[in-house]
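Listed here are the chains, written in short residue letters.
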Amino acid sequence: KAGVTQTPRYLIKTRGQQVTLSCSPISGHRSVSWYQQTPGQGLQFLFEYFSETQRNKGNFPGRFSGRQFSNSRSEMNVSTLELGDSALYLCASSSETASYNEQFFGPGTRLTVL
Amino acid sequence: KQEVTQIPAALSVPEGENLVLNCSFTDSAIYNLQWFRQDPGKGLTSLLLIQSSQREQTSGRLNASLDKSSGRSTLYIAASQPGDSATYLCARGSGDKLTFGTGTRLAVRP
């Protein structure tokens, strides 16, 4: 069974631009969660999607948004990029509710904002 | 505030040593506690998941325990190897999301 895949793996953008990251969950998994990891803040929850609906949202500004498609693939968008958005963005999938079930993580997308 | 704390922040041990990593959380109303391993610049690898109704889980040289009443979980690594060198993260599942600790960076010296 293929694991969670994320594309692209690395991305360099400049301030003010926008970026879209993609996540394909494990086959059969319906929940996709997104996390931001930085050296200063650690791993922070962004949002969770389940069956195309955003179920939970972390404490991030509205510049961070996401969506989930009918095949459970998910995208995350960050608009008007700031230097502080430089981070490793991780997505995780689980069969059902993220907080109830084991989560499996992808390799992450390393975003650098210049 | 729901917090997850991991102690120690960093640990260096000689190969072959048994070791314990600690994770404490402030809210005992959890669904589960999950331990992950992260290699530098990489994603997270799930090691063990303990449901709230369980006391411990074992996988190979790893054993994780959960004490909800005291808000603590421990990850025991037996006979450590240089390949165990990584950052170990615990995460509490409760309410609507996983909340992660800050991690313990482990170095196993040959």
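I will try to describe carefully the structure that is included in this document. Please read all numbers here as calculations on a predicted model, not as lab measurements. (Residues numbered from 1 in each chain as written. Chains lettered and ligands numbered in written order. Predicted model: local features only at pLDDT ≥ 70, side-chain atom pairs only at ≥ 80, totals over all residues. Heavy atoms only, no water.)

## Looking at the interface of chain A and chain B
Now for step 1: Listed per partner, the contact involves 18 residues of chain A and 20 residues of chain B.
Now for step 2: Both sides together, the interface formed by chain A and chain B hides about 1500 Å², and carbon and sulfur atoms give 55% of it.
Now for step 3: Here chain A is connected to chain B by zero salt bridges.
Now for step 4: Taken together, chain A and chain B are joined by four residue pairs in polar contact (both at pLDDT 80 or more).
Now for step 5: Secondary-structure elements contributing two or more residues to the side of chain A that touches chain B are β4 (31–38), β5 (42–50) and β9 (87–94) of chain A.
Now for step 6: Broken down by element, the side of chain A that touches chain B gets its largest block of residues, three residues, from β5(A). (Contact = heavy atoms within 4.5 Å. Buried area = accessible area lost by both parts, 1.4 Å probe. Salt bridge = Lys/Arg side-chain N within 4 Å of Asp/Glu carboxyl O. Polar contact = N/O pair within 3.5 Å; in protein donor to acceptor, adjacent residues only side chain to side chain. Helix = DSSP H or I, 4+ residues; strand = E, 2+ residues; numbered from the N terminus.)

## So, the pattern of salt bridges
All names here are of chain A.
Now for step 1: Applying the stated rule across the entire model yields seven salt bridges over all chains.
Now for step 2: One salt bridge connects Glu-48 with Arg-55, and the closest N-O pair in it is separated by 2.7 Å.
Now for step 3: Asp-85 serves as the salt-bridge partner of Arg-63, at 2.8 Å between the closest nitrogen and oxygen. In this pair, Arg-63 is assigned in the loop between β6 (53–57) and β7 (64–68) and Asp-85 in the loop between β8 (74–78) and β9, connecting sequence segments 22 residues apart. Of the two residues examined, Arg-63 and Asp-85, each falls in the buried class.
Now for step 4: Through salt bridges with shared partners, a single ionic network connects Arg-63, Glu-82 and Asp-85. (Buried < 20%, exposed > 50% of the residue type's maximum accessible area, 1.4 Å probe, protein only.)

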